[in-house]
Amino acid sequence: MAKLTEIDWDAFEKLPLEAKRPYLANPELPNTPYHTLLAQQFDRDLLERLAALANRIRFMAKSKEGALYLKSLLPHKRAMLYFSQPSSRTFLSHLAACQILGLTTGSVRDAATSSEFKGESREDSIRTFSSYFDMIIMRTPEKGLAEQMAWELSNSDRPIPILNAGSGKDQHPTQALLDIYTLLRSFAAKGGLCNRTVTFCGDLLRGRTVRSLSYLLTNFDGIRQVFVAPKELQVPEDVLDILRAKGVQYAISYNLREAVSLSDAVYMTRIQDEWDNSKGESARIDTHLFKFGEDELKLLPRDGIIMHPLPRRDEIATCCDHDPRAMYWRQMRNGMWIRSALIAMTFGFEKQIMCFGA
Ligand code: CP
């Protein structure tokens, strides 16, 4: 079993993403993550186990007996939520997931309120959290910081797991987990997720949720991926390289209506102008053909679904919100259940929860 304590940082950083997977696993549990940093850590077996565990937690949380049992699992653990980028859903759903499992939590949501303001490095700040907490859930604008901190903590005298709650433009693995969970649930009674067409639309260049979900979908046979975006924001080559290497069918398109009519799931995203290189750069891009409204709803197949990682602006018209195919509100709530499952699994409680009441 590969260990982060047996590889130096430079060598680890240079590994292809899939080769990093064994280093991030829990050496004591089969196919179970310890640090969760990359979509590349998840295969179909693990995704389906997480979905089953999330379903189980969802069901147990409905009864007082089940909810109290879940709460009794991790009261001896504390989680630190370190979010140096804005967040509503990812922050709150991780917080709620911790509450469901009985973990207590602390948070920093603005580096200006921590000793980073006095010049402490981000690395030292995170090392400090590990003195008081048993898990760090972190969102940062810096690509690779979560990986670096996972390596550093694993090589410290206080190793604790790190969950990447969004890093730079590159990865948002727990969002991809809730997206896959939503897709699995949506198609469970309709023949399953394999052989579906999933269309991504919006800012595909800078959307980390797209990069992570596109990868996770490659775990399911026969899924065709369609990328619809203005040419300035089309899906980057590194995403397509992975699809080509895995023999996944994909298409680049500029015609949302045509793509919608052929899709099982349409995954809309907002323009990520926080990553603009110059002020107003995104506003100069013509995006009017890349919005989902009443006309697109009419074209969506009867069993199709509309997804969005949220927050949205105007890329999905609010008139779509009450259509039964609009899945984005349920998708958001699914985040709480799948993140509960991930945290429970990380601390080794998968079997115990799955056996509850058996
Ligand atoms: N989907 C998502 O990451 O939302 P927040 O930025 O609100 O966490």
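Residues numbered from 1 in each chain as written. Predicted model: local features only at pLDDT ≥ 70, side-chain atom pairs only at ≥ 80, totals over all residues.

1. Points about the overall build of the protein chain
- Of regular secondary structure, the protein chain possesses 14 helices and nine strands.
- The globule rule puts the C-alpha radius of gyration for 358 residues at 21 Å, and the 20 Å found for the protein chain is close to it.
- For the protein chain, the residues scored as buried account for 43% of the 358 residues in total.
- Pairs at least 24 apart in sequence give 75% of the contacts found in the protein chain among residues at least 6 apart. (Helix = DSSP H or I, 4+ residues; strand = E, 2+ residues; numbered from the N terminus. Rg over C-alpha atoms; globule rule 2.2 N^0.38 Å. Buried ≥ 20, exposed ≤ 12 C-beta atoms within 10 Å, placed from the backbone. Contact = placed C-beta atoms within 7 Å.)

2. Let's talk about the site of the ligand
- Residues in contact with the ligand, as listed here, are Ser-87, Ser-88, Arg-89, Thr-90, Phe-91, Gly-166, Gln-175, Pro-309, Leu-310 and Pro-311.
- Top contributing element to the shell around the ligand by residue count: helix α5 (residues 89–100), with three residues.
- For the shell around the ligand, a count of residues per class yields four nonpolar, five polar and one charged.
- Of the domains in this structure, domain 1 (4–172 + 334–341) and domain 2 (174–272 + 282–333) are the two that each give at least three residues to the shell around the ligand. (Near = placed C-beta within 6 Å. Nonpolar A, V, L, I, M, F, W, Y, C, P; charged D, E, K, R; others polar. Domains from an automatic or database assignment.)

3. Focus: the nonpolar core
- In terms of nonpolar packing, the biggest core is built from 99 residues, with Leu-50, Leu-101, Ile-136, Val-266, Ile-306 and Ala-341 touching the most fellow members.
- At eight residues, the largest contribution of residues to this core is made by helix α13 (residues 328–346).
- Viewed by domain, this core spans two of them, domain 1 (4–172 + 334–341) and domain 2 (174–272 + 282–333), each represented by three or more residues. (Core = buried A, V, L, I, M, F, W, Y, C linked by C-beta atoms within 7 Å.)

4. A few points about the environment of Phe-187
- Here Phe-187 shows up in helix α8 (residues 173–187).
- Among residues more than four places away in sequence, those in contact with Phe-187 are Gly-192, Leu-193 and Arg-196.

5. Topic: unusual backbone geometry
- With an omega dihedral of 5 degrees, the bond running from Leu-310 to Pro-311 counts as a cis peptide bond.
- Along the polypeptide, Pro-311 turns up in the loop between β9 (305–307) and α13.
- Unlike most non-glycine residues, Asn-31 shows phi in positive territory, near 45 degrees.
- Within the fold, Asn-31 resides in the loop between α2 (17–24) and α3 (44–60).
- For Asn-31, a count of 13 C-beta atoms within 10 Å corresponds to the partly exposed category.
- Residue Leu-310 is not a glycine yet carries a positive backbone phi of 60 degrees.

6. Some remarks on the packing of α8 against helix α9 (residues 208–217)
- As a packed pair, α8 and α9 sit with axes 8 Å apart at the nearest point and diverge in direction by 55 degrees. Put simply, α8 runs oblique to α9. Between α8 and α9 lies a crossing of right-handed hand. For the pair α8 and α9, contact is made by Pro-173, Gln-175, Ala-176, Asp-179 and Ile-180 and by Thr-209, Ser-212, Leu-213 and Leu-216, respectively.
- Within the contact of α8 with α9, the residues separate by chemical class into five nonpolar, three polar and one charged. (Axes fitted to C-alpha atoms, helices over the stretch in contact; angles between N-to-C directions. Parallel < 35°, antiparallel > 145°, perpendicular 65-115°, else oblique. Left-handed = near helix turned anticlockwise from the far one by under 90°.)

7. Here we look at α5
- With 12 residues, α5 ought to run about 16 Å at 1.5 Å a step, and its terminal C-alpha atoms sit 16 Å apart, in line with that.
- All buried positions along α5 are accounted for by Thr-90, Ser-93, His-94, Ala-97, Cys-98 and Ile-100. An end-on view of α5 places all buried positions within 160 degrees of arc, on one side of the element.
- Directly after α5, the chain includes Gly-102, whose backbone phi takes a positive value near 85 degrees. (Expected span 1.5 Å × (residues − 1). Arc of directions from axis to C-beta.)

8. Concerning the domain arrangement of the protein chain
- Each assigned domain of the protein chain is listed with its residue range as follows: domain 1 (4–172 + 334–341) and domain 2 (174–272 + 282–333).
- Using only C-alpha atoms to locate each centre, domain 1 and domain 2 end up separated by 25 Å.
- Facing the 26 residues of domain 1 at the interface are 24 residues of domain 2.
- Mapped onto the side of domain 1 that touches domain 2, the elements with two or more residues apiece are α3, α5, β4 (162–167) and α13.
- Of the residues assigned to the side of domain 1 that touches domain 2, the class counts are 10 nonpolar, 10 polar and six charged.

9. Here we look at the sheet that holds strand β6 (residues 224–228)
- Pairing in this open sheet of five strands is parallel, and the strands run β7-β6-β5-β8-β9 from one edge to the other. Only two strands of the sheet have a single neighbouring strand rather than two, namely β7 (250–253) and β9. Strand-to-strand twist across the sheet, computed as the mean angle between neighbouring axes with direction ignored, equals 20 degrees.
- Across four bridges, the pairing between strand β5 (residues 197–201) and strand β8 (residues 265–268) is parallel. In the strand pairing of β8, Val-198 is matched with Ala-265. (Pairing = 2+ DSSP bridges.)

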